[in-house]
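Listed here are the chains, written in short residue letters.
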Amino acid sequence: MTILAELQRRFGDAIVETHEHRGDLTVVVARDALLAVLAHCRDDAALAFDVLMDLTAVDYVKFPGREDGPRFEVVYHLFSIAHTHLLRLKVRVDEDDAHVPSAVALWPIANWLEREVWDMFGVRFEGHPDPRRLLMYEEFVGHPLRKDYPINRRQPLIGPAS
Amino acid sequence: MAATTRREFMLGEGSGTGSGPQNVHIGIGPAHPAMHGIIRIATELDGEVIVAADVEIGYLHRAFEKDCEQGGWNNAIPFTDRLNYVSPLINNFGYASAVEKLLGVDITERCKYIRVIMSEISRICDHLTCVGASAMELGAFTVFLYMIKAREFLWELVEDVTGARLTISYGRVGGVKADLPAGFGDKVVRAFKETREVLGEVHRLLTGNRIFMDRMVGVGALSREETIGYAITGPLLRAVGVPYDVRRAQPYYV
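Residues numbered from 1 in each chain as written. Chains lettered and ligands numbered in written order. Predicted model: local features only at pLDDT ≥ 70, side-chain atom pairs only at ≥ 80, totals over all residues.

A. How the structure looks around the domain arrangement of chain B. On domain assignment, one finds that chain B holds domain 1 (6-60) and domain 2 (73-219). The gap between the C-alpha centroids of domain 1 of chain B and domain 2 of chain B is 35 Å. (Domains from an automatic or database assignment.)

B. Examining the sheet that holds strand β2 (residues 40-46) of chain B more closely. Residue and element names in this part refer to chain B. The strand order across the open sheet formed by three strands is β1-β2-β3, and the pairing between neighbours is antiparallel. Looking at the sheet topology across the chains shown, the edges are occupied by β1 (24-28) and β3 (49-56). Within the sheet, the average angular offset between the axes of one strand and its neighbour, ignoring direction, is 20°. Here β2 pairs with β3 via seven bridges, running antiparallel. Within the sheet, the bridge partner assigned to Asp46 lies in β3 and is Val49. (Pairing = 2+ DSSP bridges. Helix = DSSP H or I, 4+ residues; strand = E, 2+ residues; numbered from the N terminus. Axes fitted to C-alpha atoms, helices over the stretch in contact; angles between N-to-C directions.)

C. How the structure looks around the interface of chain A and chain B. At the junction of the two partners, chain A supplies 17 residues and chain B supplies 17 residues. Class assignment of the residues belonging to the side of chain A that touches chain B gives a composition of 14 nonpolar, one polar and two charged. (Contact = placed C-beta atoms within 7 Å. Nonpolar A, V, L, I, M, F, W, Y, C, P; charged D, E, K, R; others polar.)

D. Region of the structure containing unusual backbone geometry. The omega torsion of the bond from Gly69(A) to Pro70(A) falls at 0°, within 30 degrees of zero and hence cis. Cis rather than trans, the peptide bond between Gly29(B) and Pro30(B) has omega equal to 5°. Position of Pro30(B) among the secondary structure elements: in the loop between β1 and β2. Positive phi outside glycine occurs at Tyr253(B), with the angle close to 65°. Considering the arrangement of structural elements, one finds Tyr253(B) in the segment after α11 (246-249). Look at Tyr253(B) and you get partly exposed, because 14 C-beta atoms sit within 10 Å. (Buried ≥ 20, exposed ≤ 12 C-beta atoms within 10 Å, placed from the backbone.)

This is the structure:
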């Protein structure tokens, strides 16, 4: 619990919630403090989370008890090569305000991961240097991993430019 | 561009307007789905050096996550086969162990050993495939055939255990589909011996090959900072001087 306690001590109210489940540490952070917390996690010698293992999102729109929002959680999985410890960091955002600051300046791998989250979930990353879709094509309408995107929806074929 | 002669364009010699050398833009792909992973790369070349590239990777996006949302926990197993067809066992077990962790389920000692042994065999299959295919792309087709021969020794083990070669669906939440077959240990020892012999042959063919080494050493080299910044692991991470092996640093099961 020392990692969670240390983050709470340092960032106070910016830490919305912490919990430990089956040995996994999770910290929920206020959006305004996200980059400061991420930078501290990366640069602090005792934490030394030098690897951004994964960056993804979860859509809670149909999750029992959480239908009223906030709809999305953007999830960062951090890993320290030196200490071999892990941290899961989450930011909650509403559907009509679905954006978080970009972490590309901290980890270059965030570039494609953030493009994927934008593509699949429709969460924007403010300050991203290249905010295009990653997997779907430009003309695709919607964000397929949102829980309310129907699995059997067909999109029109893209013909040659006329 | 209108003022550029073909010779100037192809050699990057000048624009014809006195602006000096220029880079050449070349599109690579898109490759056909039946070929190696479908991809398109728009490159900008200065001579033989790629100075910029835009990579398009989405052509075969299969929306596995969306499909996995539709069924029960065990319904996702066949999808994990297809995440990497060379080492589907590792993906089976990785997924199953994540679900087991959520449920708080502990699997049997024997099952842990089966998962580790089969994952290690799959890991070697993956390395054989990747090194062999890389050599083939550089023209060393013999190496590819040798490596695939070695992979065949190991895939026969996989076939013995799972009943299939690629889409094996052998992992289960809570265990594996079936026990190891009789005589499996002897077959593993024999297959490993044959694989080691192939590795010796390939080592002489590649590491002792001036053409191969000249084309590989120092080309597209990553720094330590880049490697960690891009979350690259395995042999590439160790190649930049980080002595990290996930099996030593964070051992699983046994």
